[in-house]
Amino acid sequence: MKSLGLKDKPKSLHEIKTAIAKREVRLSPALEKVARQALERPEIVAFESAAEIANRCSVSTTALTRLARCFGFSTFREMKKVFQDNLRSGSARFATQAPKTVRSVQPG
């Protein structure tokens, strides 16, 4: 599967998420499942092995390479580095923090 509509490789998780949301890439159901898992838990992609990720998502390691190529990366390792860099820099907080509910406390 080729990258469709992406001129440059994403440099952040936000850019990957945006590309998916804008349907700039076409993903098979299996690759969509992996992408969803990756965005919900980016630490998995950043720090687990390809075999562990593939097993977790019930896909082959080849599917991870295909996913990376959909975003214009040459290898899964290249895409993995984006996840690692973003987690290290803290710019992936939007993907790892659950929405917070503010509770007001009534004096009682």
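Residues numbered from 1 in each chain as written. Predicted model: local features only at pLDDT ≥ 70, side-chain atom pairs only at ≥ 80, totals over all residues. Heavy atoms only, no water.

Some remarks on the layout of surface pockets
Left-over empty space is what a probe sized like a water molecule reveals as it rolls over the atoms.
Thinking step 1. By volume, the largest pocket amounts to about 220 Å³.
Thinking step 2. Lining of the largest pocket is provided by K17, I20, R23, V25, R26, L27, E32, A35, R36 and L39.
Thinking step 3. Secondary structure elements with two or more residues in the lining of the largest pocket: α1 (13-21) and α2 (29-40).
Thinking step 4. Top contributing element to the lining of the largest pocket by residue count: α2, with four residues.
Thinking step 5. Along the lines of polarity and charge, the residues of the lining of the largest pocket split into five nonpolar, no polar and five charged. (1 Å grid on protein atoms, 1.4 Å probe; cavity = no way out; pocket = protein on both sides within 12 Å on 5 of 7 lines; lining within 4 Å. Points joined across faces, edges and corners; volume = space filled by probe spheres on them. Helix = DSSP H or I, 4+ residues; strand = E, 2+ residues; numbered from the N terminus. Nonpolar A, V, L, I, M, F, W, Y, C, P; charged D, E, K, R; others polar.)

Some thoughts on the environment of R26
Thinking step 1. Tracing the backbone shows R26 in the loop between α1 and α2.
Thinking step 2. Taking the relative accessible area as the measure of exposure, R26 reaches 60% and is therefore exposed.
Thinking step 3. The sequence separation of R26 and F71 amounts to 45 residues, and the corresponding C-alpha distance is 9.6 Å. (Buried < 20%, exposed > 50% of the residue type's maximum accessible area, 1.4 Å probe, protein only.)

What about the side chain of Q84?
Thinking step 1. Examined against the element boundaries, Q84 turns out to sit in helix α6 (residues 76-89).
Thinking step 2. Owing to a relative accessible area of 18%, Q84 belongs among the buried residues under this scheme.
Thinking step 3. Look past the residues within four positions of Q84 in its chain and what remains in contact with it is A46 and F47. (Contact = heavy atoms within 4.5 Å.)

Thoughts on helix α4 (residues 50-57)
Thinking step 1. Those residues of α4 that fall on the buried side of the exposure criterion are I53, A54 and C57. Viewed end-on, α4 has its buried residues packed into an arc of 100°, placing them on one side of the element.
Thinking step 2. Along its buried surface, α4 packs onto α2, α3 (42-47), α5 (61-70) and α6.
Thinking step 3. Phi turns positive one or two residues past the end of α4, at S58, with a value near 55°. (Arc of directions from axis to C-beta.)

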